Amino acid sequence: VQLQAYGGGLVQAGGSLRLSCVASARTFSRYAMAWFRQAPGEEREFVARITWSSGTTHYADSVKGRFTISRDNAENTVYLQMNSLKPEDTAVYYCAAGAQPYINYGSTIREYGYWGHGTLVTVSS
């Protein structure tokens, strides 16, 4: 599964961005998907995930109520809608697919076997 994330950019605090991640595989619908982020000098951290089966979503506490993950299986795309952005949301955002199809993974990096190159989001104060 090859993943390509895009949609990052520079936005003022309080603004919004929508990230997209397009998968190459026609089997996209069988994979749990997630977004992670890595701020400068920090470790990569979980942001949000969505199951392959029912589309159930889970969020990190730091983004709950502001970010929304969704997927369009017909378009092989997973989205991350980010609202009320804060300077601390500044990071490179990565989309990831579960290591195996038909499994709903959790929130740890090692559970995801396929990664996009990342897209930079910068939130100015």
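A brief structural summary. Note that this is a predicted model, so its numbers are computed, not measured.

Structurally, Gly 113 can be placed in strand S10 (residues 112-115). For the pair Gly 113 and Thr 51, spaced 62 residues apart in the sequence, the C-alpha separation amounts to 15 Å. Other than its neighbours up to four places away in sequence, Gly 113 contacts Ala 97, Gly 98 and Ala 99.

In this section: the pairing of strand S1 (residues 3-6). Across the two faces of S1 the burial differs, with Leu 3 and Ala 5 buried and Gln 4 and Tyr 6 not buried at all. Pairing of S1 with strand S3 (residues 17-23) involves four bridges; the strand directions are antiparallel. Looking across to S3, one finds that Leu 3 is bridged to Ala 23.

Turning our eyes to something else, we now look at the pattern of salt bridges. The full count for this structure, using the stated rule, is four salt bridges. Across the pair Glu 45 and Arg 37 runs a salt bridge whose closest N-O atoms are separated by 2.7 Å. Judged by relative accessible area, Arg 37 falls into the buried class, the value being 6%. Asp 61 is paired through a salt bridge with Lys 64; the nearest N and O atoms lie 3.1 Å apart. A cluster of three or more residues bridged by salt bridges with shared partners is formed by Arg 37, Glu 45, Arg 66 and Asp 89.

Okay, the side chain of Ser 20 next. Positionally, Ser 20 belongs in strand S3. In this view, Ser 20 contacts Gln 4, Ala 5, Tyr 6, Trp 35, Thr 77, Val 78 and Tyr 79; residues no more than four positions away in its chain are not counted.

As a further point, take the packing of aromatic side chains. Applying the stated criterion across every chain yields a total of six aromatic pairs. With a centroid separation of 5.9 Å and an interplanar angle of 75 degrees, the aromatic rings of Phe 36 and Phe 46 are classed as edge-to-face. Here the residue Phe 36 occupies a position in strand S4 (residues 33-38), and Phe 46 occupies one in strand S5 (residues 45-50), the gap between them amounting to 10 residues. Between Trp 52 and Tyr 102, the aromatic rings sit 5.2 Å apart at their centres with planes inclined by 80 degrees, giving edge-to-face as the arrangement. Placement of Trp 52 in the loop between S5 and strand S6 (57-59) and of Tyr 102 in the loop between strand S9 (91-98) and S10 is noted, with a sequence separation of 50 residues between them. Grouped by ring-pair contacts, the aromatic residues Phe 36, Phe 46, Tyr 105, Tyr 112 and Trp 115 constitute a single cluster.

For the rest of this paragraph, the subject is the side chain of Arg 37. Along the chain, the position of Arg 37 falls in strand S4. Within the structure, Arg 37 has its side chain in polar contact with the side chain of Glu 45 (distance 2.7 Å). A distance of 2.9 Å separates a polar atom in the side chain of Arg 37 from a polar atom in the side chain of Tyr 93. With near-sequence residues (within four places) excluded, Arg 37 lies in contact with Glu 43, Arg 44, Glu 45, Val 47, Ser 62, Val 63, Phe 67, Glu 88, Asp 89, Ala 91, Val 92 and Tyr 93.

About the thresholds
- Residues numbered from 1 in each chain as written.
- Predicted model: local features only at pLDDT ≥ 70, side-chain atom pairs only at ≥ 80, totals over all residues.
- Heavy atoms only, no water.
- Helix = DSSP H or I, 4+ residues; strand = E, 2+ residues; numbered from the N terminus.
- Contact = heavy atoms within 4.5 Å.
- Buried < 20%, exposed > 50% of the residue type's maximum accessible area, 1.4 Å probe, protein only.
- Pairing = 2+ DSSP bridges.
- Salt bridge = Lys/Arg side-chain N within 4 Å of Asp/Glu carboxyl O.
- Phe/Tyr/Trp six-rings, centres within 6.5 Å; stacked < 30°, edge-to-face > 60°.
- Polar contact = N/O pair within 3.5 Å; in protein donor to acceptor, adjacent residues only side chain to side chain.

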